Structure formats: structure tokens, C-alpha cells
Amino acid sequence: MPFLALLALFLLAPSPSSAAQLQPECGIRLEGAELDFSGTEEDWLCGKEGSRAWGTIPLNQKRYFLRRFLQERGYHEPELSLEGDTLVARTGPQAEAKSFSVEGAPPALDPGKRRRLLGRALTPALLSETESWLGRELQELGYPCPEAELSAQPGSGAILGKVAAGEPATLGPIASEGGVDLPHQILDRYTAFVDAQAFDIRLLELSARRILAQDLYLSTYYDLSCEAGKLARITRRFVPAPPRLITAGVGFDTERGPLVRARYRRVRIGHAANIWENMLLATLREQTLETRFHWFFREDLASPMRLSPSLGFEREDEERFEATTYRFSPLFMNEWEKPSLQLAGELGPSFERTVTQRGPGERIVDSMRLVGRLRATSHLFEYYATSPREGWTAALDGSSRIGGFLSKESASRIQLSYDLLWNLGGFDPPWLVFGWRGLAGTFLLPGTGTAEAEVPPTDRFYLGGDADIRGFGRKELPGAERGFLTALYQGFELRAGEWWDVPLQPLVFLDLAKGGTKAGQLDRSLYLAPGIGLRYESFIGSLRATLGRGIVRNRRAADPEGGLQFFLSLGREF
Amino acid sequence: MHVLAKLLKLTAWLASFLLAVVALTLLAIWWKPERLLNERNVSWAISRFAPHWKVEWEKFHWSFSPRGALGKDTALLLHDLCVRGPGVDACLPELALDLGFSIDGFSPRVTELRNLVVRAGKVRIETGGDTAQEPPSSPLPDLRVPRLGSLLPPQESLSKLGVLELSVEELELAPPDGPPLRAAARLVKPGREEPRFALVASLRQGKALAWKLDASATLENRQLEASGLVSGRASGLRLRAPFSADWGEELRLRLEPRLDTGGKRYRGKLALSASDSALGLEATSLRLPLSWRSHRLAANGCALTARLHEEKGYPEHSELHCSLHVSTTAKSAPVKEATVALEASTELGLGGNSVHADLDFTARSSQRLFRAKVEGGGRLNFDHAWRFTGVTRPRLTADASIPRFSAVRGLLAGSPWAVPAPFHVLEGEIALAARLEASEGDLLPFRVSLRTNLTGGGQSVVTETSALVQARGVFAGKPAFDVEAEAKLSDVALEAPPLRLESPPQATLDKRFGPRAPPAPKGENNVRWRAHVTSGKPVRIRASLLPEPLPFAVDLRLAHDHRPAGTVTLLPVPVEIFKKRARVEKVVFTLRESSEAVELDGLLIYRNPEALVRILLLGQASEPRVVLQSEPPLSESQIVSLLLFNKSVQELNEEEASSSASMGQALSDGAFGLFTLMFLSSTPIESVGYDPVSDSYSVRVRLGDRTTVSVASDFQGERQYAIRRRIGKRWAVTSELQREEDEGSSSLLTLLEWFNRF
């Protein structure tokens, strides 16, 4: 509850402002609109108490200032008149933006894709915002040094932009300046573009965010220097950070309840800037303690290839099982940067002991596995991760237990998962975002029949919950404890973009899943979950609430009945 | 010789004979003039000597009767006389003349006009094209008006004047182009016993011109008295002028004209007196509208008197005394009325083929608001056609002053020209003086000085400006002015608009709105000016956010054809930077003719026990770049942390370190405008965020009451996709893409985090 109270405080607290309506003794009466003025504006209109030079403001000067302040609020043709000693301002209608056109822009720039512009009050701030948008769009389209100039006709509501896009540019080697205390090759590990790739400001920002995510620097950014519309130089600037970071955070979702995470991270170890991180994550369902060391062992410091041994334990207390896993896994990791995506791979052994307190399979399963993962993530998916709108990611995971070495039988688990997002119409901000995610996984087991018993519940497929089929409770499927050995899930979601001033985004979804209690086979049951939901993009992250109805077709005896299922989460995205 | 003598004798006889014949002929004609002057001979003479003219009449009767030995009475009567010839087509229904004449010497003289009746019907005269006008014999008009008696026949002849009737029903003057000019007139004297004349005349040309005259006159005892009304319209003006006149020894004309020109109405009373030696014009209650509809110019008691040249009749000496009253009914006008006393005298003279006028004038006005006096004179030169050719020895002095600025302020209050804050609390005097110095050719050099001595509300505006204004072509109708001014700000102290610790309001209208004004046509600039502005005592600007007024030294050169150039220097002054005492050594703003940018060169010094910090302000005023130096040498981040938080970098917490770094970057990037820098310097800063790509910043400042406010430029782009958003000291919202290994999907984990770096 304290967390919820804190959350409510964040969401509902009004922003600090000294704006207020004018006092009657100011001698100004507004008609037509109720407007608030800042303290400084009030001083300029009504005079500042105690000031000999500005204690009173002559009437014509009041008119002068009032016209400007009204323009700032979108009232461009006020009628000012004098009634006795009172200056009466009939504000007239607030001008609205009704059309937007751009001259001089490259064909790739479509001003019609700009949403949330028409119908808004035609204010200087709106023009400045639209100017920034034009410049930003051009920087995303390959023009690093654009110049945009806007003008507007309050009567017709027309906004006209004049653009000088400048010369298109490509990305390449980047100089570093500022408090750079690491070899620049280390920073190249996190670069999100390749040489000679077309300029896109988002790739620079993404590169900076990757560096920040490693906590190597307090702040990092890419500085563009332009000369006569041409990119002269890109400079990477830094603010060094102390090497140790302790964090303690809280989160929440209805599946797992309160979430607590504590972390200790030590970065910049050795000349290769190795990383040691320790994490404790605790929810009502899961508790994880892990320590991991990223050893960048190659002489080429720019290479992200590393050996990442980790040691940890994980306890899961789910409806269908309760198990604790101890794991030591020294994995080789590497990333390859492509013009539009990043490919990440992991490979290595993993030594595990799983103790099942409750659930299917043997109580204690020891295993040595060969673990591998290949994940491709588009840059746009990564860039818009906190406000998903477009891009994709796909991962192929595989782990193979080697029979005769800690395990009796060999067994392999393979899984393909993906997330795809489309910004329908390509509007900015988005109008509709369509998402498609899916998972397909199964086990490859020898036909002896004993191998299945050595599959711990933590490896098995349990469906249901906010992460997949949202009409069922967390890991509710299958109804039996033993879990699926084969699973197929497809989820579709259509979400509104920014439709209103309040960042509420309604959504509809349909999730489908099938499972098989045997490896490589799917049972006849079909699980469906149509539903609706609401996403609220607050300044502390997105809040999502979904209400799905679980439906089971070709139902088996062990399958749950289905029904309504509600989820509320902070930060989780489709 | 004998032959010659005979020839001479013969010639003498012959001449005597011819003389006798001529004498007998003339005697016969005098005896019976109708023998020669009759209808047949007149017809023959017209056809013989004017073959291109066709003259016809219905009835022709010309009779003579003896009147003593040397006199005759004659009566001519023509009915339906029609005359047609080159450019003329006229018909006169009746022409009757009855007069007596006598031979006086060898020429006839009219001794009695008993009846004259000329009744014309339609008379059409085609006027030719260009007709060269003969130049006047003298460029100066002969304004002498003779005594009426000298123009009239003897009194005994006048007393015998019987019926006089001159009338024309329609006189049409047809120019080669344009509508014809039509006139009608009728002058009637009914009979010998009736001394009154009646004159009715009209004149019109299309719809543009129409005039009427309706007058009556009495001629008794060689004194003409007339009265009547002239009314009509022409070229957009309408006139209605009742008049009366008498003319005996001198002509006196009294006129009350009402003139309407396109909505402007002039009216008043004019009195003209003219004789053969003097001319006088007096205007009373004359109301003349100025350029503005709601303004009026009235001449109260304007009198022009002129002494005429004895031989040539031009006004050789004139004097004007006039009291002009300017008034307005405009509600917004700050000054409703003003009275100007004007006195002038002129001596006109002829020099060869030119005219000159020696002019002296004085104009004075003394009002509650202002006092003004203008004196001047000189010789105005004209050619024979009265074209102005120049002025010699011109003189002009003008002095004007506003003795009480508060009176001006009071008058202007509520008007569109009200004195704005902070000047509206000033009191004192403004004085303007102008002197015309020795001129050369058409160059008129004026020495002008303007002095203000205004104080009030803790402010002062004491300035002295002197200027040389050189005017050319004033008299040629193409004036051009060169102004060289030197302005000295002797003592100027002003209070800047009040500001609070929040985003400053929009002070000027955003020009991005509304129709774009077309570029002004580049006409010939007839005013060229240059000004040099310097300060005596430092110009002090007091700002509400600063404890001490800022002293400036000004040295600027302004001109009509280039940007301001020079320097404005902020002089040494103690200041507070982030609530720490520091000192401005100098901040020089340099303006150049060739650039819009204002160069910045500033040095501020902050001392604390650990270091002496030099803050260099460089670059441009719109994007000042701040360079930090110190003794002993510290890194930029260390200096910023000293300035912002009075701590070394090692002592900073996470947020302070980030803020220091962001501030350092923003300062060196010139992200803050000069105003924002001043604003930020005036209060402790809690945190600074800066995104160099978008050049946007967010600064949280702490107010005295422990509350905080944020000042930000466009920070939206950075906020939207940030992975760690700091929401307070050591608190942040962190978003991470998580790999959920058992589920395969990637999900976003968002936490509200406390963090600490060390």
C-alpha cells in the first residue's frame, strides 16, 4: 500500500506553478476565456508592488503586454477596450492549427504524418514544437543539420514550414571529448551503427543509452557540429561516473505482487573495463540472487566478445510448482552490429541443480547443459523500448542436457520467440500500434520415457499471465502440474497511440495458445484470450491494465474453466 | 530747270486738286454718312475683305442724324445677325446701339451712350491648341487699383446712360479636347433713371465645373457699390462666397468664403482693400483644416499690409501679423490646442530680370506643455516667371522646450502615446535648439542640440545631444538631409522590468504569426544620419534579481545604412553567482557593422579559500560560451562543482555530479542565453539536465522558501525515451529491457530506484 500511495502521489500531484488569474485591482478584465498568468506577467500587467519605476503600468503598455501574453496563449485578435478605468480584453476565439504544409523538404518527409498538431491552440510554443519536430524528423531521415522556419496564419489556422534540409550525411568514426577516462575502443562496443551508414540521430542516442545502461558514465551524448548546413563533426562527450553503483528499487504487478531489486555493480575493472554485477530480485513468486562477471578478454577492446561466468540461485513459487535452481554458467557472449539491427549470441555450459519442492519430475535434478541463444533486435525496437511503437526482436534459444554427465539422459529444449510492432500509418506520435508476439518451444527427448522425469518444472512450458495468454492466470496452463513440453503461443494487440491530452491508450488483444504434454506434440485444446486494456504512459513508466477472458476450445478434463482475468503492471510492455 | 519748274507746278496743282477732292469726299460722308455706311456697302466690305466669314442678318438699319456742327447721333439696329467664320459660329437676335459722338481733334469720341442692347443667342467659339502667351512685361504684378473715376466717362455722360442690356444665352468655348466650356451672362441697366445694374452669370464645363455669379451694383456719384454671391464647384472644391464691395477712391472687398475641398471646410472673413498705392488683406475667424480631419487651423486677426511701388505697382514692402490657433477634436490627441503668433515682413525688389524678397519672420508659441520660438529670414530669389531660384543669407533660429515632463506625461496618459514604464515616473525638462549656420549654395547647415534632464523613481535620464543637420535641395522641392549627431548619456539610470524566478514572459510579439509584410520598397533615402553615443557616468540598470545595479559604459556608432557598431561594457561590479559573492571585472559586448552577432568578452572572478576562479564569457551574446579557469588549475568539472555546490568533485553526490557535468557542458556549448545565465546565477541551483543534441536544458532552482521551480527549454525529446529518469536526489525511474529466459520474450522492467554511486 505505501507503494501505491507513492505511485498515486507521483501520478496525481499537480505540477508546481505560480500561475493565477489576475486580481480585480489590476484593472484588467478578461472576457471570453479564463486565463492564468505567471507572477512575472502579472507584475508587467498590474505593476510590481514596491517598485517606484514599475509600480504602475501605463494603460498603453498594459495593452502592449496583454496582447503579447494573449498571443502566447493562442489569442491573436483580442479586442481591447476601456470601460471606466478597467481595461477590458475580449479574448476572441483561440486560434487553432488547421493545416500544416512544408516547403523545401526532401520527399521522404511527409508533414501529414505529424499528428496531435491540427486542432491544437496556435501558440508560439506550438510553432516551436513543430519546428523541433521538423528538425528532428530530418535528422532521423539522414540530414544532420537541417534548418526549419515556421510561420502561421491565425485566421486560417495554416502553418507553413520552410525547410533547408542541408546535406545528407553518413555515420562514421566519432571523436570523443570531455572526461574520457576509458579507451575509446571500449565505447565502440556499444555503437549502434556501422561505418558509412546513413545518418540517423536515433542511432547516436541509442549508442549513448547503451553506454549509460552499462553505468560507465553519468552522462554521455553525441554533439553535432554543423557548418553551412553540412555536418562537420560528431563529438562524443562524457561525464565520468564513479565505478561503483548500488541501487535498490521497487516495482509492482498483479502477477508477482510487489517487486524488490537490489543491485551492486562495479564497472571499469581492468584496462578492458570489465563489469561485475550482483543482483537480488524478490517478488512473492520469485527470488533470485545472481552474481556475474563480464570479462572482455580480447585484445581488441572494441570487441564486445566476453566471457560471462555467473553464479546464482533462483527460487520460484508458482501455483503449479515450487523449485529452487542453483546455477553456474560461464557463457561466451558476443554482439554484432548491423545497419538496422543488433545480433547477440551466447554460448556455453551451464551447471545446474534444480530442487523441486512441489511439482512434476524428480526432486533433485543435476545437469550440465550446453546453452545457446541467438537474438536479433532491430534498432528501432531497442530505441523505442520504453514507449514501444515499431521494430522487432526475435530469439532462438536452445539448451541441451548431456546424458551421462550429471544427467542420466540427454535432452534438448529449443524455443523461438519474437515480438513485432508496427506503427500503423507511420504517424508521429503513433495513431495505432499493432503488435504481434509469439513463442514456439518444445523438447527433444530420447524415447526412453525417463528423460521427461529429468525435466525440472522450471524448464517446462507454463502458459498464462501478462507475458503471454492474458485470459488465464500466471502459469495457469496446463491445468495439470506437469506443465507443457511443447508450447505454441501467438498474441495480437492493437493499441491506440496518443489520442488525447491525457496519455491514456486503450487497447484490444487476442491471445491464442496450444500446448502439448508430450515433446513435439500439441494437444487438441485451444486456448483463447480476447480482451481489452488500457495503457497509461506516466512520467515514471507505463501502467498497463488488461482484462481478458480465457476461453478453452476442445477442452480436456485437466484444462481450467477459463473466465475473466485482470492484470495491472508497471513498466511491462507488449 | 524750266522743265523742272513746270513739273513742280503741275504736281502742286495736282496735289491741291486731290486734297480738295478728299476734303469734299469727307465732307460729303460727314454730311450723309449713311451713303457710305449702309447695308449694301457693309455686305460688300465683308465679302471683299473677309471672304472666309459669312455674315447674315435679317434686318439692318443704320441711321445718322446731325448733332451740332461736329457731332452726330447714330442708331444701329440689327436683327437676327449670324456670324460664321473660322472657329466662330454666333447668332445675335438683336443688336441695338444708340449713341452720340463728336469729332474731337481728328478722332471721334463717344459723347453719349443712350442705349446698348446686345442679345446673343448661341455663340460657339472653337479655341485653338497651344497659344503662346506673351511674357508679362514685369515679373511683379501691378496690384494698383485705380480710382474708379479715372475709368469712367464724365459724370454728364454717365447720367445720360439709358438702357444697357448685354446678354448671351449660351457662349460655348470648345477646346480641341475635353468638354466645352459653356457660359451665360446677363447685365442689365433698366433705364436712365435707374442707377442699379444687375449681373447674372453662369459658367459650366461638363460636371466638373459650374460657377454662378449673382450680383447687383449701384453706380452713383462715381462710386460703385456692389454685393452678391459667387458659388460653384470646380476640381473637387465647392465655394460659396457672399461678397460686398465698394469702389471709389479705393477698392474695398469683403468676402465670407466657405470652401469645401473633399470634406475639408474652410471658412472665414476676408477683407481686401486696394488702391493705387497700398494693398491690405485682413483675415478674421479664418478656419483652415490641416491634413487631419479632426484638426483645425484658425487665423485670428491675420493682417497683411503692403505698400505698392509708386511706378510699377508691385508690393515693395509687406508686413504680416498673424495669430494662428491650432486645435483638434481628436479624443486621443495629447495636446488639444496651440496658439502661434507669427510676424513677418518682406521687401520685394526687382533686379534685372529677377525678383527678390527680403523676408524676416518670428513665430512664438507658449503653452503649458511647451514653449517654442522660431526666428528667421533671408533673401528669397525668383526668376522672372516667379520660379524660386534660391535663398541668400538665410537665418533661422529655433528654441523649443518642454519645461515640465510630468505635464507631458499627464497629458499623454491614457493616449496611445502615453510614456511607458519606467520612463513615466521621470520629471524634468527637455530642451531643443536649432541654429542655421552660414550656408553655401543650396546647403543649409543647422546646428541642433537636444538636452534632457529627467529624474524620478530612482532613475535619471540626463543626456546632451548635439547634431549638425545639413539640408540640401529644400527649395528645389527635393530635400535631403545629412545628420551627424553626438549624444552623451551624462547620467542615465533605469530600472529593468521586474522578473521573478520563473520563465520570463514573451516580451515581443512573435513575428511568425500573421501575414508576412511585403518588403518595403527601396525608395531613395533622403535622410542620412550618423550618431555617436557615449556615456559620461556609467549607465546603471537595476534589475530585480540583482542586488546591485549593473553599470555600463556605452560607445556606439549608429547610422542609417549599417548596423550599430561599437561597444557596450559592463563595468566592474560585485555580483552574486549561485549565491556566492563574485566580481565582474568586465563584460564587453562588441557590435560590428558587418555582423548581426554581438561579440562577447567577459571576465568574472570568484574567490574562495581553495581557488580563484576566472569565468570567461566568450562567443556571442545569443549563445555565450563560458570558459572556466582557476588558480590553482582545476578541471572544468571541479570548477563547476565549486561554483554550483561549493564542493569538490569528490564530495558531490550522484545528482550534484551529474548537474555539474551537465552545467559545464551547457556552459561551454552556449546553451544558455545571456539572460538565462543572469537568471540562473541569481539563485541556488539544485540540478541541471542538458541534452546537447537538442540543445535543451532543464534547471531546477531553489527558492528562498524552500520550494523549487524548474526552468526548462524543450526537454521533451530527452524525456520520452530515457532509460533512467531522475525524479529527485538519488531517486530515479529505471527501465530495462529484460530477458526472461524461461519465457523467451523480452519484457520491460520498470523500477522506482534509490541509487548511490561511489
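Structure: above.
On a predicted model such as this, the values are computed, not experimentally measured, just so you know.

Asker: Looking at this structure, I do not really get a positive patch on the surface. What am I missing?
Answerer: Residue and element names in this part refer to chain B. Taken together, the side chains of Arg 240, Arg 258, Arg 267 and Arg 287 define a basic patch exposed on the protein surface. Within the secondary structure, Arg 258 is located in strand E13 (residues 258–261). Looking at Arg 258, the relative accessible area reads 53%, which means it is exposed.

Asker: Explanation requested: the state of the cysteines in the structure shown.
Answerer: Linking two cysteines covalently via their sulfur atoms produces the bond known as a disulfide. What the rule picks out here adds up to four disulfides over all chains. Residue pairing for Cys 26 of chain A: its cysteine sulfur links by disulfide to Cys 46 of chain A, the two sulfurs lying 1.9 Å apart. Judged by the torsion about the S-S bond (-85 degrees), the Cys 26 of chain A/Cys 46 of chain A disulfide is left-handed. Taken together, the positions of Cys 26 of chain A in the loop between helix H1 (2–12) and strand E1 (28–31) and Cys 46 of chain A in helix H2 (residues 39–46) put the pair 20 residues apart, joining distant regions of the chain. In this structure Cys 26 of chain A comes out as buried when scored by relative accessible area, which is 5%. Between the sulfur atoms of Cys 302 of chain B and its disulfide partner Cys 322 of chain B the distance amounts to 1.3 Å.

Asker: Looking at this structure, how should I read the side chain of Arg 556 of chain A?
Answerer: Residue and element names in this part refer to chain A. Counting through the fold element by element, Arg 556 comes out in the loop between strand E24 (541–553) and strand E25 (563–570). Within the local environment of Arg 556, its side chain forms a polar contact with the side chain of Asp 523, the two groups lying 3.4 Å apart. Every residue in contact with Arg 556, bar those within four places of it in the chain, is listed here: Pro 478, Phe 484, Thr 517, Asp 523, Arg 524, Ser 525 and Tyr 527.

Asker: Whenever I open this one, the pattern of salt bridges confuses me. Can you help?
Answerer: When the charged atoms of two side chains lie near each other, side chains of opposite charge can form a pair. Residue and element names in this part refer to chain A. This structure, assessed with the given rule, holds 87 salt bridges over all chains. Arg 353 is the salt-bridge partner of Asp 366, the closest N and O atoms lying 2.6 Å from each other. Of this pair, Asp 366 sits in strand E17 (residues 364–378) while Arg 353 sits in strand E16 (residues 341–358), and the two are 13 residues apart along the sequence. A relative accessible area of 23% places Asp 366 in the partly exposed class. On the basis of relative accessibility, which here comes to 39%, the residue Arg 353 falls in the partly exposed class. Overlapping salt bridges, with partners in common, bring together Arg 136, Glu 140, Asp 200, Arg 202 and Glu 205 in one network.

Asker: Quick question: what am I supposed to make of the packing of aromatic side chains here?
Answerer: Geometry of an aromatic ring pair is reported as the spacing of the ring centres plus the angle between the planes. The tally for this structure, following the rule as stated, stands at 27 aromatic pairs over all chains. Taking 5.9 Å as the distance between ring centres and 80 degrees as the angle between the ring planes, the aromatic pair formed by Tyr 264 of chain A and Trp 276 of chain A counts as edge-to-face. Of this pair, Tyr 264 of chain A sits in strand E11 (residues 257–269) while Trp 276 of chain A sits in strand E12 (residues 274–282), and the two are twelve residues apart along the sequence. Residues Trp 57 of chain B and Phe 60 of chain B carry aromatic rings whose centres are separated by 4.9 Å and whose planes lie at 40 degrees to one another, so their mutual orientation is tilted.

Asker: Explanation requested: the interface of chain A and chain B in the structure shown.
Answerer: A common way to express how large an interface is: the accessible area buried when the components associate. Facing 98 residues of chain A, the contacting portion of chain B comprises 72 residues. Of the roughly 7700 Å² buried at the junction of chain A and chain B (both faces included), carbon and sulfur atoms supply 53%. Joining chain A to chain B, the criterion identifies three salt bridges. The shortest N-O distance in the salt bridge between Glu 753 of chain B and Arg 261 of chain A comes to 2.9 Å. For the interface between chain A and chain B, the tally reads 20 residue pairs in polar contact (both at pLDDT 80 or more). Across the side of chain A that touches chain B, the residue classes tally to 42 nonpolar, 27 polar and 29 charged.

Asker: Looking at this structure, how should I read unusual backbone geometry?
Answerer: Comment: phi is negative for the bulk of residues other than glycine, and the bulk of peptide bonds are trans. Here the amide bond leading from Leu 477 of chain A into Pro 478 of chain A is cis, since omega sits at -5 degrees, within 30 degrees of zero. The topology assignment puts Pro 478 of chain A in the loop between strand E20 (432–444) and strand E21 (486–496). The step from Glu 631 of chain B to Pro 632 of chain B runs through a cis peptide bond, and the omega angle for that step is -5 degrees. Inspection of the secondary structure assignment puts Pro 632 of chain B in the loop between strand E34 (624–631) and helix H6 (636–645). One non-glycine residue with positive phi stands out, namely Ala 196 of chain A, at about 70 degrees. Structurally, the position occupied by Ala 196 of chain A is in the loop between helix H5 (184–188) and helix H6 (201–213). Even without glycine at this site, Ala 228 of chain A takes up a positive phi of about 55 degrees. Within the secondary structure, Ala 228 of chain A is located in the loop between strand E8 (217–227) and strand E9 (230–240).

Asker: Is there a simple way to explain the sheet that holds strand E2 (residues 79–83) of chain A in this structure?
Answerer: Residue and element names in this part refer to chain A. The strand order across the open sheet built from three strands is E1-E3-E2, with neighbouring strands paired in mixed fashion. Either end of the sheet is taken by a strand with one partner, and the two such strands are E1 and E2. Pairwise comparison of adjacent strand axes, ignoring direction, gives a mean angle of 25 degrees for this sheet. The pairing of E2 with strand E3 (residues 86–90) spans five bridges and is antiparallel. Bridging across to E3, Ser 81 finds its partner in Val 88.

Asker: Would you mind showing me how to read the sheet that holds strand E6 (residues 158–164) of chain A here?
Answerer: Hydrogen bonds between backbone atoms are what pair the strands of a sheet, whose relative direction is either parallel or antiparallel. All names here are of chain A. In spatial order, the strands read E4-E6-E5; together these three strands make up an open sheet with mixed pairing. The open sheet has two edge strands with one neighbour each: strand E4 (99–103) and strand E5 (147–153). Across this sheet, the average inter-strand angle for adjacent strands is 20 degrees, counted without regard to direction. Pairing of E5 with E6 involves seven bridges; the strand directions are antiparallel. Looking at the pairing, Ser 151 lines up with Leu 160 of E6. The strands that helix H4 (residues 124–140) touches are E4, E5 and E6; relative to E5, the one it contacts most, it runs at about 145 degrees.

Asker: I tried to follow the environment of Thr 458 of chain A on my own but got confused; where do I start?
Answerer: Tracing the backbone shows Thr 458 of chain A in the loop between E20 and E21. Sequence spacing of Thr 458 of chain A and Thr 356 of chain A is 102 residues, and the spatial spacing of their C-alpha atoms is 8.8 Å.

Asker: What's the story with the environment of Lys 54 of chain B in this structure? I'm lost.
Answerer: All names here are of chain B. Relative to the helices and strands, Lys 54 is located in strand E1 (residues 54–56). Remark: the alpha-carbon pair of Lys 54 and Ser 43, spanning eleven residues in sequence, is separated by 9.7 Å. For Lys 54, the contacting residues outside a window of four places in its chain are Cys 82, Val 83 and Arg 84. A distance of 3.5 Å separates a polar atom in the side chain of Lys 54 from a polar atom in the side chain of Glu 56.

Asker: Is there a simple way to explain the pairing of E11 of chain A in this structure?
Answerer: Across a regular strand the side chains alternate sides, sitting on one face of the sheet and then on the other. All names here are of chain A. Direction of pairing for strand E10 (residues 244–253) relative to E11: antiparallel, over a ladder of ten bridges. Residue pairing across strands places Ile 246 opposite Tyr 264, the latter belonging to E11. The loop that links E10 with its antiparallel partner E11 comprises three residues. Two strands pair when backbone bridges link them, and E11 and E12 are joined in this way by eight bridges, in the antiparallel orientation. Bridge pairing links Ile 269 to Asn 274 in E12. Connecting E11 to the antiparallel partner E12 that follows it, the hairpin turn spans four residues, and Gly 270 within it adopts a positive phi of roughly 75 degrees.

Asker: Teacher, can you tell me more about H2 of chain A here?
Answerer: Quick reminder: α-helices carry 3.6 residues per turn. Residues three or four places apart thus point the same way. All names here are of chain A. The buried fraction of H2 amounts to six of the eight residues, a majority that puts the element mostly inside the structure. Listing the buried residues of H2 in full gives Gly 39, Thr 40, Glu 41, Asp 43, Trp 44 and Leu 45. Here the buried face of H2 lies against E1 and helix H3 (59–72). Gly 47 occupies a position one or two residues after H2 and carries a positive phi of about 95 degrees.

What counts and what doesn't
- Position numbers for residues count from 1 along each chain, tracking the sequence in the order it is written.
- Labels are handed out in written order, letters beginning with A for the chains and numbers beginning with 1 for the ligands.
- This being a predicted model, a pLDDT of at least 70 is required before a residue's local features are given, and a value of 80 or more before pairs of side-chain atoms are given or counted; all residues contribute to the totals for chains, interfaces and linings.
- For the side-chain quantities, the full set of heavy atoms in the structure was used; hydrogens and water were omitted.
- Exposure above 30% relative accessible area and no salt bridge define the residues that can form patches, which grow by joining like charges within 9 Å and nonpolar side chains of Val, Leu, Ile, Met, Phe, Trp and Tyr within 5 Å.
- All accessibility values rest on the Shrake-Rupley procedure with a 1.4 Å probe; residue burial counts only the protein chains present in the view.
- Here, a salt bridge means any Lys or Arg side-chain nitrogen found within 4 Å of an Asp or Glu carboxyl oxygen.
- None of His or the chain ends enter the tally, which takes Lys and Arg as positive and Asp and Glu as negative.
- Where a charge sits is defined by one atom per residue type, namely NZ (Lys), CZ (Arg), CG (Asp) or CD (Glu).
- Per the convention used, a helix needs a DSSP run of H or I reaching at least four residues, while a strand needs a run of E reaching at least two, with both numbered from the N terminus.
- Accessible area is worked out with a 1.4 Å probe on protein chains only. A residue is then buried under 20% of its type maximum, exposed over 50%, and partly exposed in between.
- Two cysteine sulfur atoms make up a disulfide if the distance between them is within 2.5 Å.
- Polar contacts here mean pairs of N or O atoms no more than 3.5 Å apart (in protein, one a potential hydrogen donor and the other a potential acceptor; neighbouring residues in sequence count only if both atoms are side-chain atoms).
- Any pair of residues with heavy atoms lying within 4.5 Å of one another is described as a contacting pair.
- Only rings of Phe, Tyr and Trp enter the pairing, Trp through its six-membered ring, and a pair is recorded when the two centres are within 6.5 Å. The plane angle decides the type: under 30 degrees is stacked, over 60 is edge-to-face, the rest tilted.
- Buried area, as used here, totals the accessible surface that two parts lose on assembly, with accessibility defined by a 1.4 Å probe and the loss added over both.
- Residue type decides the class: Asp, Glu, Lys and Arg count as charged, Ala, Val, Leu, Ile, Met, Phe, Trp, Tyr, Cys and Pro as nonpolar, and the leftover types, Gly among them, as polar.
- By this definition, two strands are paired if DSSP reports at least two bridges between them.
- Between N-to-C directions, angles cover 0 to 180 degrees, with each direction set by a line fitted to C-alpha atoms, over the stretch in contact for helices.

Interpretation in functional terms is not warranted from these geometric data alone.
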